[in-house]
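Observations on the three-dimensional arrangement
Here is how the chains run, residue by residue.
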Amino acid sequence: MSPLNQVALPSMLPTCINPLGEANKKWPPMMWLNTDRFLYLGVIGQPAERCFGALALYLSLQGAHRIRIGDKGSDWQSAKFSIVQPWCKHWLAFDERSIGCLLLLEPETLKFSALPAPLQQPSGAVQAGELAQKMHAALELLRTVGACRYASNDEFDRAFFGEPLAARRLDVRVQKVLERLKASPNITLSAEECAEQACLSTSRFLHLFKAEVGAPFRSYRAWHRARSLLYHLKEQTSLTDFALNYGYPDATHFSHSIRRFAGFTPKAIHSGSRKVALFVAGDTASCRA
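Attention here is on the structure that accompanies the text. (Residues numbered from 1 in each chain as written. Predicted model: local features only at pLDDT ≥ 70, side-chain atom pairs only at ≥ 80, totals over all residues. Heavy atoms only, no water.)

Assigned secondary structure in the protein chain consists of ten helices and twelve strands. Within the protein chain, contacts between residues separated by at least 24 positions form 73% of all contacts whose residues are at least 6 apart in sequence. Carbon and sulfur atoms make up 52% of the accessible area of the protein chain, which totals about 13600 Å². (Helix = DSSP H or I, 4+ residues; strand = E, 2+ residues; numbered from the N terminus. Contact = heavy atoms within 4.5 Å. Areas by Shrake-Rupley, 256 points an atom, 1.4 Å probe, with all protein chains shown as cover.)

Attention shifts here to the side chain of His65. Among the structural elements, His65 can be located in strand β6 (residues 65-69). In this structure His65 comes out as buried when scored by relative accessible area, which is 1%. In terms of polar contacts, His65 uses its side chain to reach the side chain of Ser82, at 2.7 Å. Setting aside residues no more than four positions away along its own chain, His65 makes contact with Tyr58, Ser60, Gln77, Ser78, Ala79, Lys80, Phe81, Ser82, Leu92, Ala93 and Phe94. (Buried < 20%, exposed > 50% of the residue type's maximum accessible area, 1.4 Å probe, protein only. Polar contact = N/O pair within 3.5 Å; in protein donor to acceptor, adjacent residues only side chain to side chain.)

A few words now on the pattern of salt bridges. If you walk through the whole model with that rule in mind, you get six salt bridges. A salt bridge links Asp157 to Arg37; the shortest N-O distance between them is 2.9 Å. Taken together, the positions of Asp157 in helix α2 (residues 153-161) and Arg37 in strand β3 (residues 37-43) put the pair 120 residues apart, joining distant regions of the chain. We classify Asp157 as buried; its relative accessible area is 0%. Notably, a salt bridge pairs Lys134 with Glu130, separated by 3.9 Å at the nearest N-O pair. Taken as a pair, Lys134 and Glu130 lie in helix α1 (residues 129-145) at a separation of four residues, close to a single helical turn. Using a relative accessible area of 33% as the deciding quantity, one classes Lys134 as partly exposed. On the basis of relative accessibility, which here comes to 57%, the residue Glu130 falls in the exposed class. The structure contains a network of salt bridges with shared partners spanning Asp36, Glu108 and Lys182. (Salt bridge = Lys/Arg side-chain N within 4 Å of Asp/Glu carboxyl O.)

Bringing the sheet that holds strand β7 (residues 76-79) into the picture now. Overall, antiparallel pairing links the four strands, which are arranged β4-β9-β6-β7 in an open sheet. Either end of the sheet is taken by a strand with one partner, and the two such strands are β4 (48-50) and β7. Averaged over neighbouring strand pairs, the angle between their axes works out to 30° when direction is ignored. Sheet analysis places β6 next to β7, joined by four bridges and oriented antiparallel. By the bridge assignment for β7, Arg66 is matched with Ser78. (Pairing = 2+ DSSP bridges. Axes fitted to C-alpha atoms, helices over the stretch in contact; angles between N-to-C directions.)

This part is about the environment of Asp157. Asp157 sits 120 residues away from Arg37 along the chain, and the two C-alpha atoms are 8.9 Å apart. Filtering out sequence-adjacent residues up to four positions away, Asp157 remains in contact with Arg37, Gly162, Glu163, Pro164 and Leu165.

Before going further, it helps to examine α2. Within the sequence span of α2, burial applies to Asn153, Phe156, Asp157, Phe160 and Phe161. The buried residues of α2 occupy an angular sector of 100° when the element is viewed end-on, so they sit on one face. Positive phi appears at Gly162, one or two residues downstream of α2, with a value of about 90°. (Arc of directions from axis to C-beta.)

What follows concerns the nonpolar core. Formed by 34 residues in total, the largest nonpolar core has its most connected members in Leu39, Leu57, Phe81, Leu103, Leu139, Phe160 and Phe161. When contributions to this core are tallied by element, the ones reaching two or more residues are β2 (30-33), β3, β5 (55-60), β8 (81-84), β10 (99-105), α1, α2 and β12 (277-280). In terms of residue count, the dominant contributor to this core is α1 (six residues). Among all residues touching Leu39, those that are not within four sequence positions of it are Met30, Met31, Trp32, Cys101, Leu102, Leu103, Leu139, Leu142, Phe156 and Phe160. Among the nonpolar cores identified, the runner-up in size contains 33 residues, and Phe52, Ala226, Ile258 and Val280 belong to it. (Core = buried A, V, L, I, M, F, W, Y, C linked by side-chain atoms within 4.5 Å.)

All right, on to the packing of helix α6 (residues 217-227) against helix α8 (residues 251-262) then. Where α6 meets α8, the axes come as close as 10 Å, and the angle between the chain directions of the two elements is 95°. Relative to α8, the element α6 lies roughly perpendicular. Along its contact with α6, which presents Ser219, Ala222, Trp223 and Ala226, the element α8 presents Ser257, Ile258, Arg260 and Phe261. (Parallel < 35°, antiparallel > 145°, perpendicular 65-115°, else oblique.)

Turning our eyes to something else, we now look at unusual backbone geometry. A negative phi angle characterises most non-glycine residues, just as the trans form characterises most peptide bonds. Not every positive phi belongs to a glycine, and Trp87 is a case in point at roughly 65°. Tracing the backbone through its elements, the reader meets Trp87 in the loop between β8 and β9 (90-94). With relative accessibility at 26%, the residue Trp87 sits in the partly exposed group. In this model, Cys199 sits at a positive phi of 60°, which is unusual for a non-glycine residue. As for its placement among the helices and strands, Cys199 is situated in the loop between α4 (191-197) and α5 (202-213).

This is the structure we're talking about:
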């Protein structure tokens, strides 16, 4: 992967060596991502329904949070640490001033049967003291010495989980399609085009893709297209231009897609990111933009 690029607000995070200065200052709001991993540290926001196409880990750094799995009729759970399995609808509520951490792990990169036991549990509050402690220690290191350069998935995993997470071995034909989709999320690739690349019929490709990845082709493509917005939060490009450049038919479809996954509109996400330091690592065109 290419070296980490900093696109943070310089007045808030002048260097990557010591982003906070004194260790007793507030947690600095920040994001770090590549195509397979995502870290957000800061205020999580008000309750909203969300449905990520990734394995989500929530850790409270101040107080606790509440989580509700499924529709509005389900019960709230109080937790310090929660997990949500990919494609699971959930609601999350932090106190207005509470600081939390969100990690997203792309499921096609993980061998779920070999993950740490807490990450294999059903969605909801999880008792995972040792794992939560490892994550908290990684965040403490992040704010005190600025160890924010993760050159690979293994390095990121080692920082937060103590060891690299076991990788899933995919059919090579599907793997090549995934690499193409991640490298160019702004290109509207059809199932027919991908099937041709894989030397399969369209129906066979769609069946194989879902079996290997765990999600339908269209859902996976929509998730990674929406996820690519995170790379551009510090740019001056209008949200309408972004929507059109990334293959959305119009701003309405764009807003609906982002809200379905993240729980908030693109405008709200863009506005809320103004004081968030964004670090991008990767070797795709979207990462270097």
